[in-house]
Amino acid sequence: MRKLHLISATALAVSMAMPAFAQDAPQADDEGTGFGDEIVVTAQRQAQSLQDVPIAVSAFTTEALERQQIDNPQELQLALPSTSITYGNFSGTNITIRGIGSPVVAASGDAGVAIHFNDMPLIGSRIFDSEFYDLERLEVLRGPQGTLFGRNATAGVFNIITAKPDLNAFAAAGEASYGKYNTIQAKGMVNVPIGDIAGVRLAGMYLKRDGYTKNFNTGNDIDGRDYYSVRGSFKLEPSDSTKFTVTAQYFKEDSNRSRGQKQLCATDVTAILGCRPDQEAFQVINGDSTAVGTLGSREFLTIAGFGPLAAFGLGSVYGDDGHSYDTAINPTNVRRVAVDFEPFWKSDQLTISAELEQSFGDLTATLTGGYSENEYSSSLDYNLTTTRSLANNPGLVALRAAGAGGNPIAQAILRSGAFRGNQLCASTFDPLHAGSIGGRVQSCADNTTEFDYSGGKNKQWSIEGRLASDFDGPFNFLLGGLYLESTGRNIDYAVMASGFDYMSTFLGVVTALGAGLPSLDYAMAPPFFHSDTDKAHLKTYGLFGEVYFDLADNLKVTGGLRYSNDKKYIRARQPFLNVLVPYGTTDVNSILANFDGDSSKPGQQEFAIQSGTFDEITGRVVVDWKPDVSFTDDTLVYASYTRGYKPGGFNPPYDPNLFPPIPLTFDGELIDAFEIGTKNSFIGGHLQLNATGFYYKYNGFQVSRIINRTSFNDNTNATIYGVELEAIVRPVREFTVNASLSYLKTEIADFNTVDTRNPSNGRSDVVIIKDLQSAANCVVAPAVAGSVPIANTLALVNGFNAVAGGGLIRPAVQVPGTNSFGAFSLCGALGSFIRANTPAGTYLFDAGAGGGFFLPGGVERNLKGNELANSPNFKFSVGAQYDIKTNSGWTITPRADLYFTGNAWGSNFNTVRDRIKSYEIVSTQLTVSGPEDKFYARAFVSNLFNSQAITGKYITDPSSGLFTNIYTLDPRTYGVAVGFRF
């Protein structure tokens, strides 16, 4: 690693020093300037040279992406300053630019980076599941875009511009490649002019490969891909003043790739937390800490009043018979797992965009818009490992013996859908909420099965109109308006576990018995946890305008304003073991109509419905200057102030009797961004050097936390600043070096919140409680630190447990990795007991519904000074290639690229478990091109040193054991490709 750091630093230094060796290069010669064709971008909604735009923009043509072996958005982050991209826990992609990303977890939330396809905004898009091919260019704007892109572009904009038909000549291109993991990839394009005024362009690609990851449990390879995409474009230019283009793209994937590559955990032997908060290791959770472990425990069944039936529990939270993961293995290689549920990933998206441009002398009117729809679903093993066999489980042995002996309760449980013979079954994800109750079973096995499901659908349409001037005088303007509607349906996240199915049956049978029903063949539905967002609707419009005034021939001022208005609507609920239904019920939704989906409001509501309007005025002021200096060929200097905005949203429905007071909504974000930059061309175009410095004052930054299996969102403030450099050096026409460098510093302001991994916040006078009913954690904490001896607090906890019974007679124990003791108990009842037996103000309590009180979920920690998640301090990339010309017209081009991403944090808590280590990625290739580049062959290696690069982390909640999911880049791949173009 040290050697790679040295290589990286040396390579960058050489590239930056290159101008010293280029002084002898001619200012201009028969071969032209150093860079060939100028890159034109639409970062300001008008066609401009990249070097003339007073915004920090990185632009890539298809050729540039291929040279740097960048095939998809995940790989693109390597070449972008101050940018990180990672998959998240719920199928989404978190893009972070300059510390600003998408940490909010809510169907009503917005990303901080606006995604555009041919200048059309996309909401809830799956475009980042796709691969790059046949692009005109890809633009990445860094920094808030408060006027032209607007509402949710607080971090920046990704704009994917596809290649359009060329009306001048027929053209075609194709490439086929084969590589490691039996990777087969093919892509092609054909361009056909239609007369002099129209043209059609068709393009597509196909990718299929075996899995990167070996599953030791089955011997299969998982994490493979099967993907294709097609695109068609039609362009019409009946005159020089009229242009019309329409593009349609469709892609589909049906793969066995996994959202998460690995879980990290240092086992907490006490099961109070599940994983230790002070270590990160390739171990597994303590299953007794999970909702399956607590709900199925003999202690919970006893304290819930089920008496002798508690013997049918699946185990003890005290681990008397071991916990369910005590024989599980977790290989240390991130590409090795031992899972009993293998993943799947399905997604598809249709996007249609159109643009009509009409010129009227000095005015140009542009109308853009289109339609997009997508659907996705994915599942993976929830714990990424395999539990031990239940063949000799004492509870199930007792259950079968009781059934054989004629016990009607045991017999009813055994004939339920939770069993197939002696095997325990897990429900499949079922939108009708019946699962195993109605015979919809994913699998049955000797051990327990746990897996999740994430899916949803989205449709949108939008239209935008712009009017831009091109007057000869000093004044010009751009005016525009945007309207967009987006509807998400069946946005689901569910966790299925055979332990849940067992408890669904057990609780249903005993409830039927207690109700005196003639049959005991009942279960509690749904038999799985389901965060069910039935509908998420957005209507948004924006009105914007900019004016451009030339104070002098080389000095311009830009001023812009935008009004954004967002109307949001959410219909959601979180059912889990709520309603009693008879065996064989196949549709529980009609019965769930009697379930109260929003207990925060009086009466009974099937769903929690929230709606609201968010609006804001934003804008920017820019001064750009082109000084006439002797040491550059072309220089642009600019300074800007931008006001950025992202709307707020709604927290999910929750029971106020089980949670501390949480606002129903979270606020929008506002950012004041100050930026200075310069873009330069030196030595006849042989050196291009751009630099940017920025300072952000961030208000209302949206952050997410999990309480009792539910994600909630808060707001805080932050400060961000940094610098970025981008350079291209071409001392001679054949030799090119490109480099980028960024330094980023982020800092959270005053913000108090609970770290669920260590809810005592390191205090030795706190007792951490694992709640038997919900598997959440709460704490018994003196209101003033150190005001109550720990012995007194322990006596209260142990005294309550002794009175409550249920086998909770074990004294509190020291929790590894904390300074605190821990115990199993019931948070609500324990809170009432302590409040009734201690003076007011002695301990911390949260106010609940109707003025009630219960123990808090933890002692808050102040995150002031912490760095924002997914924000590496340092990034740089450097690539070099040399074209070797032969006398016969062939060209041999070796190329190497080095990408370095520095240390970052996986969450805002900045603990040892949050650290994301730096990594280097090295890629090389050798291309041989025929005369006039009509044919070529290429050999390539990506990730040469097989870096196990981690791009992001996600910490689960206490009822899942607080494990860490990690997300990685692809391992080393290599292969060969052949292609043609004419």
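Worth saying up front: this structure is predicted, and the values here are computed from it rather than measured.

> What's the story with the overall build of the protein chain in this structure? I'm lost.
Within the protein chain, the regular secondary structure consists of eleven helices and 55 strands. A globule of 982 residues ought to have a C-alpha radius of gyration of about 30 Å, and the protein chain, at 30 Å, matches this closely. Once the C-alpha set of the protein chain is aligned to its principal axes, its extents read approximately 95 × 55 × 55 Å. Among the 982 residues that make up the protein chain, the fraction classed as buried is 59%.

> It is not clear to me how the sheet that holds strand E8 (residues 135–142) should be interpreted in this structure. Could you clarify?
Two strands in a sheet stick together by hydrogen bonds in their backbones, pointing the same way (parallel) or opposite ways (antiparallel). Strands sit in the order E3-E8-E9-E6-E7 across an open sheet of five strands; the sheet is mixed. The open sheet has two free edges, formed respectively by strand E3 (56–60) and strand E7 (120–122), since each of these has just one partner strand. Shown here is a sheet whose adjacent strand axes are inclined to one another by a mean of 25 degrees, direction ignored. In the sheet, strand E6 (residues 113–117) pairs with E7 via three bridges, with the strands oriented antiparallel. When the sheet's bridge partners are listed, Phe117 is paired in E7 with Met120.

> Would you explain the pattern of salt bridges in this entry?
If charged atoms from side chains of opposite charge come close, those side chains can pair. Counted by the stated rule, this structure contains 40 salt bridges. The shortest N-O distance in the salt bridge between Glu675 and Arg98 comes to 2.9 Å. Of the two residues, Glu675 sits in strand E34 (residues 669–682) while Arg98 sits in the loop between strand E5 (93–97) and E6, which places them 577 residues apart along the sequence. Look at Glu675 and you get buried, because its relative accessible area is 10%. Look at Arg98 and you get buried, because its relative accessible area is 0%. Of the charged contacts, one joins Lys745 and Glu867 as a salt bridge, the two residues approaching to 3.7 Å between their closest N and O atoms. In this pair, Lys745 sits in strand E37 (residues 735–748) while Glu867 sits in the loop between strand E45 (861–862) and strand E46 (874–882), placing the two residues 122 residues apart along the sequence. The exposure class assigned to Glu867 is buried, which follows from its relative accessible area of 12%. Each of Arg98, Arg142, Glu675, Glu724 and Glu726 takes part in a single network of salt bridges with overlapping partners.

> Is there a simple way to explain the state of the cysteines in this structure?
Linking two cysteines covalently through their sulfur atoms gives a disulfide. In the structure shown here, the tally under the stated rule is three disulfides. Here Cys425 engages in a disulfide with Cys444; their sulfurs sit 2.0 Å apart. Negative torsions about the S-S bond denote left-handed disulfides, and the value of about 100 degrees found for Cys425 with Cys444 makes this one right-handed. Placement of Cys425 in strand E22 (residues 423–427) and of Cys444 in strand E23 (residues 441–445) is noted, with a sequence separation of 19 residues between them. Its relative accessible area of 0% is what places Cys425 among the buried residues. Residue classification places Cys444 among the partly exposed positions, given a relative accessible area of 25%. Among the cysteines of the protein chain that take part in disulfides, numbered as they appear in the sequence, the pairing is 1-2, 3-4, 5-6.

> Just checking my understanding: could you explain the nonpolar core for this structure?
Considering soluble globular proteins, one finds that nonpolar side chains tend to be buried as a cluster. Of all hydrophobic cores here, the largest spans 64 residues; its most connected members are Tyr502 and Phe506. Only helix H4 (291–295), helix H5 (298–303), helix H6 (394–404), helix H7 (408–414), strand E25 (475–497), helix H8 (498–514) and strand E26 (522–525) provide two or more residues apiece to this core. With eight residues, H8 is the single largest residue contributor to this core. Those residues in contact with Tyr502 that lie beyond four places of it in its chain are Phe312, Leu314, Leu396, Leu399, Ile413, Ala418, Phe419 and Leu424. Counting residues in hydrophobic clusters, the runner-up holds 52 residues, among them Leu76, Phe132, Tyr698 and Ile748.

> What is the right way to look at helix H11 (residues 827–837) in this model?
By the burial criterion, the buried members of H11 are Cys827, Leu830, Gly831 and Ile834. Each buried residue of H11 lies within a common arc of 105 degrees when the element is viewed along its axis, so the set occupies one face. For H11, the elements touching its buried residues are strand E39 (767–771), strand E40 (777–780), helix H10 (790–804) and strand E42 (821–825).

> Looking at this model, I keep getting lost on the packing of H10 against H11. Mind explaining?
Helix-helix packing is characterised by the crossing angle of the two axes and by the distance between the axes. Axis separation between H10 and H11 bottoms out at 10 Å; the angle between their running directions is 120 degrees. Looking at the two axes, H10 sits oblique to H11. Between H10 and H11 lies a crossing of right-handed hand. Residues Leu796, Val797 and Phe800 of H10 form the contact with H11, whose participating residues are Ala829, Leu830, Phe833 and Ile834. Of the residues that constitute the contact of H10 with H11, the class distribution is seven nonpolar, no polar and no charged.

> What's the story with the sheet that holds strand E18 (residues 336–337) in this structure? I'm lost.
An order of E14-E13-E18 is seen for the three strands of this open sheet, with the pairing classed as mixed. Whereas interior strands pair on both sides, the edge strands pair on one side only; in this sheet they are strand E14 (221–222) and E18.

> Please clarify how the side chain of Ser416 should be interpreted in this entry.
Assignment of secondary structure puts Ser416 in the loop between H7 and strand E21 (419–420). Residue classification places Ser416 among the buried positions, given a relative accessible area of 4%. Here Ser416 is in contact with Thr505 and Tyr583, once residues within four sequence places are set aside.

> Please explain H8 as it appears in this structure.
Structurally, the α-helix is built with 3.6 residues per turn, so residues lying three or four positions apart point the same way. The end-to-end C-alpha separation of H8 is 24 Å, in line with the 24 Å expected for 17 residues at 1.5 Å each. Most of H8 sits out of view: 14 of its 17 residues are buried. Following H8 by one or two positions, Gly516 adopts a phi angle in the positive range, close to 70 degrees.

> I tried to follow the environment of Ile769 on my own but got confused; where do I start?
Following the sequence through the fold, Ile769 ends up in strand E39. A relative accessible area of 0% places Ile769 in the buried class. In this structure the C-alpha to C-alpha distance between Ile769 and Cys827, which are 58 residues apart in sequence, comes to 7.0 Å. Residues within four places of Ile769 in sequence aside, it is in contact with Ala776, Asn777, Cys778, Val780, Val797, Ala823, Ser825, Cys827 and Leu830.

> Just to check I follow, could you spell out the packing of aromatic side chains for this structure?
How two aromatic rings sit relative to each other is set out by the distance from centre to centre and by the angle between their planes. Going through the model one piece at a time under the given rule, you end up with 28 aromatic pairs. Look at Phe419 and Tyr502: their rings are 6.0 Å apart centre to centre, the planes differ by 85 degrees, and that puts the pair in the edge-to-face class. Pair noted here: Phe419 is in strand E21 and Tyr502 is in helix H8, with a separation of 83 residues, a long-range link. The same class applies to Phe419 and to Tyr502, which are both buried. Both rings, one in Phe475 and one in Phe477, keep their centres 6.4 Å apart while their planes meet at 35 degrees; by these two values the pair is tilted. Overall, the relative accessible area of 16% leaves Phe477 in the buried class. Here the basic side chain of Lys346 rests over the ring of Phe344, its NZ or CZ set 5.7 Å away from the ring centre.

> What am I meant to see in the pairing of E25 here?
Within a regular beta strand, the side chains point alternately toward one face of the sheet and then the other, so they alternate between its two faces. Both strand E24 (residues 450–469) and E25 contribute to a ladder of 18 bridges, which runs antiparallel. Looking at E25, one finds that Glu464 is bridged to Leu482. Here E24 folds back onto E25, and the loop between the two strands holds five residues. Of the strand pairs in this sheet, E25 and strand E27 (residues 529–552) are connected by 20 bridges, and their pairing is antiparallel. By the bridge assignment, Gly488 is partnered in E27 with Ala536.

> It is not clear to me how the environment of Val637 should be interpreted in this structure. Could you clarify?
Within the secondary structure layout, Val637 lies in strand E31 (residues 634–646). On the accessibility criterion, Val637 (30% relative accessible area) is partly exposed. Apart from residues no more than four positions distant in its own chain, Val637 is found in contact with Val623, Asp624, Trp625, Pro627, Gly677 and Thr678.

> I keep staring at the pairing of strand E20 (residues 363–379) and nothing clicks. Help me out?
Across 17 bridges, strand E19 (residues 344–360) lies against E20 in antiparallel orientation. Following the sheet pairing, Glu355 is matched in E20 by Thr368. Connecting E19 to the antiparallel partner E20 that follows it, the hairpin turn spans two residues, and Gly361 within it adopts a positive phi of roughly 65 degrees.

> Hey, could you run me through the environment of Glu450 in this one?
By secondary structure assignment, the location of Glu450 is in strand E24. Given the relative accessible area of 7%, Glu450 is considered buried. Glu450 sits 284 residues away from Glu734 along the chain, and the two C-alpha atoms are 57 Å apart. Among all residues touching Glu450, those that are not within four sequence positions of it are Tyr325, Asp381, Tyr382, Asn383, Thr387, Met496 and Ala497. Side chain to side chain, Glu450 and Thr448 meet in a polar contact 2.7 Å long.

Cut-offs and rules
Residues numbered from 1 in each chain as written. Predicted model: local features only at pLDDT ≥ 70, side-chain atom pairs only at ≥ 80, totals over all residues. Heavy atoms only, no water. Helix = DSSP H or I, 4+ residues; strand = E, 2+ residues; numbered from the N terminus. Rg over C-alpha atoms; globule rule 2.2 N^0.38 Å. Buried < 20%, exposed > 50% of the residue type's maximum accessible area, 1.4 Å probe, protein only. Pairing = 2+ DSSP bridges. Axes fitted to C-alpha atoms, helices over the stretch in contact; angles between N-to-C directions. Salt bridge = Lys/Arg side-chain N within 4 Å of Asp/Glu carboxyl O. Disulfide = S-S within 2.5 Å. Core = buried A, V, L, I, M, F, W, Y, C linked by side-chain atoms within 4.5 Å. Contact = heavy atoms within 4.5 Å. Arc of directions from axis to C-beta. Parallel < 35°, antiparallel > 145°, perpendicular 65-115°, else oblique. Left-handed = near helix turned anticlockwise from the far one by under 90°. Nonpolar A, V, L, I, M, F, W, Y, C, P; charged D, E, K, R; others polar. Expected span 1.5 Å × (residues − 1). Phe/Tyr/Trp six-rings, centres within 6.5 Å; stacked < 30°, edge-to-face > 60°. Lys NZ or Arg CZ within 6 Å of the ring centre and 35° of its normal. Polar contact = N/O pair within 3.5 Å; in protein donor to acceptor, adjacent residues only side chain to side chain.

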